[in-house]
Every structure is written in structure tokens, then in C-alpha cells.
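Listed here are the chains, written in short residue letters.
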Amino acid sequence: MIEKFECTRCGWCCKNLSNVKDFKPGFTNSYLIAPNKPNLFILPWEKQIFPKENVVITKIFFDLNNNLSIVLYYGLNTDCCPLIKDNSCSVHDNRALHCIIYPCPIGDFESLSRGIYGSHEVCEAELPINKLLEMFEIKDMGNSKFNYKPSVLAKKLYERYGVSFIYKTLMEMRVKKITEIMFKLESRGIIKLARKGIDVGQLMSQIKNSKKVDADDFIKEKTGIDLREMFSEKSIEAIKKVLES
Ligand code: SF4
Ligand code: SF4
């Protein structure tokens, strides 16, 4: 039986947005760059929820051809969210999707079978990983083995985490889609992505002085595709229908 996750609203996760110590700006993989420490993953259209002075860019693609920072995620310059007041979120009904998602324990929908992770050590309401695995009938955390189809696991995750699971999946799909489009634009010579191997110090000053554009606006301008529609009410309702069928 699937037990529904209930947040106790203890506020711990809002005050401890990142456990990364000794952060250094640089590449997070071969082409994604973190000029500032990633903590809360704020989507470009959500940044106005937070005080302007606290919002920084945390994940970008950098286009060397046009000296352009293409922002995938914003974040905060503090590990304690400025919007937490007396242990509760002061913008609860309007909070960022990443806040809603936590602590849904998956990577992305397409690779559900690659494993789930647990947040029991930091979230008092989350079950220990062995209990989660038992509940989802998964044998091994790092390499999830289960005797049913991934669509069944998706339904189970939806039953436990509700819409958080849907948003988590959509966030991952957005990153995949943007990356795919960036590579296509690069193969047509429209952009040239900075990649691991180039001088990080020099790149950081170039990024500081560069023009900035939000990834979703950039994609819309170049391809006409509006990735924000993935998060529309209509799209969420359609996904819910499938998961509830
Ligand atoms: S916006 Fe609200 S839920 Fe999100 S981190 Fe800040 S206080 Fe927490
Ligand atoms: S740590 Fe867990 S229980 Fe506490 S506010 Fe965050 S999600 Fe809710």
C-alpha cells in the first residue's frame, strides 16, 4: 500500500537549501556552467517571486559566438530562503515549483528504472530509503529493479507525492528538451557552447559582462516552441488523467 507523503511544514528544507560547501564556479557537466552555487532551482519565470537582491544565475549555457549567457536556472545567494517567516513559507500558494517538488525522490521519468534516492536524513516527514524501496517494491536503490512496468512505478510515485511527481518529471523534461535544442542550434552553427576544458577564470569574467537571456525565451525566439506550456494547467490535467487511469 502506498502511503501519501505529508509535509509537516517544519521549514528545514527552506533554511538549508544547499549542503554544498566550498563551492567554486565552473562546469557542472561538460557544457552546463554554475557561476553561483546551485541551491533552489528557480525557473526563469518564477524569479519575481523572490527579492531581486537575492536572485542569482546558477545554471547556464554560454554561447561563445554571441557572448550570451542562456539561463537555465536561477537560485538564491543565501542558503536560507528570505521568504521563510516563523518557519513557514510567506508565499506558500505562489512558491516555486522546486519547493513543491521536494522531496520527490526520482531523477527523471524516462529513466525511472535507474533509481530513486531518499531524503529521510534531512526531511523529517520522508521515510527511510529502505521503507521507500519496500513500499515501491524496488530491490536496489541505485539501480532500481522492479517486476512491473515503469508506468506502474510512475502511478505509485504519483500516489505518494501527487503533483510534485508531475512537476519533477516536467522539470527534468524541460532540461532535456532545452539541451537537445541547444545541440541542434550548435550543429547549425547558430551558437557555440562553452565546454569543459576552457579557462574557467576567464570564462567567469566573460559571463559577468555578457548579455543574459532566459533559456525559455531564447528557445521560443529561435524555434517558436514555448516550453512553458508544458507546465500549463491543461498539460498538468492531461498528465493527471493518465496517471489516474
Ligand atoms: S519560497 Fe517558500 S517553500 Fe520555497 S524555499 Fe522559500 S520559504 Fe521555502
Ligand atoms: S523538510 Fe520535509 S517536512 Fe520539513 S518542510 Fe521540508 S518537505 Fe516539509
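First things first, this report covers the structure right here in the doc. (Residues numbered from 1 in each chain as written. Chains lettered and ligands numbered in written order. Predicted model: local features only at pLDDT ≥ 70, side-chain atom pairs only at ≥ 80, totals over all residues.)

1. Overview of the overall build of the protein
When helices and strands are tallied, the protein shows eight helices and seven strands. Here the C-alpha atoms of the protein give a radius of gyration of 19 Å, agreeing with the 18 Å that 2.2 N^0.38 yields for 245 residues. Overall, the protein is about 55 × 45 × 35 Å in size when its C-alpha atoms are taken along their principal axes. Counting only residues that meet the buried cut, the protein has 27% of its 245 residues in that class. Once local pairs closer than 6 in sequence are excluded, the contacts in the protein between residues at least 24 apart make up 65%. (Helix = DSSP H or I, 4+ residues; strand = E, 2+ residues; numbered from the N terminus. Rg over C-alpha atoms; globule rule 2.2 N^0.38 Å. Buried ≥ 20, exposed ≤ 12 C-beta atoms within 10 Å, placed from the backbone. Contact = placed C-beta atoms within 7 Å.)

2. Notes on helix 7 (residues 215–223)
Those residues of helix 7 not exposed but buried are Ala 215, Asp 216, Phe 218 and Ile 219. Viewed along the axis of helix 7, the buried residues span an arc of 160°, placing them on a single side of the element. Where helix 7 is buried, its residues meet strand 4 (68–76), helix 5 (163–187) and strand 7 (211–214). Positive backbone phi, approximately 85°, marks Gly 224, located one or two places after helix 7. (Arc of directions from axis to C-beta.)

3. Some points on the nonpolar core
Counting residues in hydrophobic clusters, the biggest one holds 34 residues, and the most contacted among them are Leu 40, Ile 42, Ile 60, Phe 61 and Val 71. Listing elements by their share of this core, those giving two or more residues are strand 2 (33–34), strand 3 (55–63), strand 4, helix 5 and helix 7. Among the elements that line this core, the one with the most residues is strand 4, at six residues. Aside from chain neighbours lying at most four places away, what touches Val 71 is Pro 44, Ile 57, Ile 60, Lys 212, Val 213, Asp 214 and Ala 215. (Core = buried A, V, L, I, M, F, W, Y, C linked by C-beta atoms within 7 Å.)

4. Some details on the environment of Lys 4
Within the secondary structure, Lys 4 sits in the segment before helix 1 (12–15). Lys 4 sits 188 residues away from Lys 192 along the chain, and the two C-alpha atoms are 45 Å apart.

5. So, the site of ligand 1
Looking at ligand 1, the residues that line it are Cys 14, Leu 40, Cys 81, Leu 83, Ile 84, Cys 89, Val 91, Arg 95, Ala 96 and Cys 99. Looking at side-chain class alone, the shell around ligand 1 contains nine nonpolar, no polar and one charged residues. (Near = placed C-beta within 6 Å. Nonpolar A, V, L, I, M, F, W, Y, C, P; charged D, E, K, R; others polar.)

6. Things to note about unusual backbone geometry
Look at the link from Tyr 102 to Pro 103: it is a cis peptide, with omega at 0°. Within the fold, Pro 103 resides in the loop between helix 2 (97–101) and helix 3 (129–135). The phi angle at Asp 22 is positive, at roughly 50°, despite the residue not being glycine. Among the structural elements, Asp 22 can be located in the loop between helix 1 and strand 1 (26–27). Exposure remark for Asp 22: the 5 C-beta atoms within 10 Å place this residue in the exposed category. In this structure, Asp 86 takes a positive phi of about 50° despite not being glycine. Topologically, Asp 86 is positioned in the loop between strand 5 (84–85) and strand 6 (88–89). Accessibility expressed as a C-beta count within 10 Å gives 6 for Asp 86, which makes it exposed.

7. A short note on the environment of Val 175
The topology assignment puts Val 175 in helix 5. C-beta crowding within 10 Å serves as the criterion here: with 18 such atoms nearby, Val 175 is assigned to the partly exposed category. Along the primary structure Val 175 and Leu 72 are separated by 103 residues, whereas in three dimensions their C-alpha atoms are 7.7 Å apart.

8. As for the pairing of strand 4
The side chains of a regular strand alternate, residue by residue, between the two faces of the sheet. In terms of residue burial, strand 4 counts as a mostly covered element, since eight of its nine residues are buried. The pairing of strand 3 with strand 4 spans eight bridges and is classified as antiparallel. Paired with Lys 59 across the bridge in strand 4 is Tyr 73. Connecting strand 3 to the antiparallel partner strand 4 that follows it, the hairpin turn spans four residues, and Asn 67 within it adopts a positive phi of roughly 50°. The pairing of strand 4 with strand 7 spans four bridges and is classified as parallel. Note that in strand 7 the partner of Val 71 across the bridge is Asp 214. (Pairing = 2+ DSSP bridges.)

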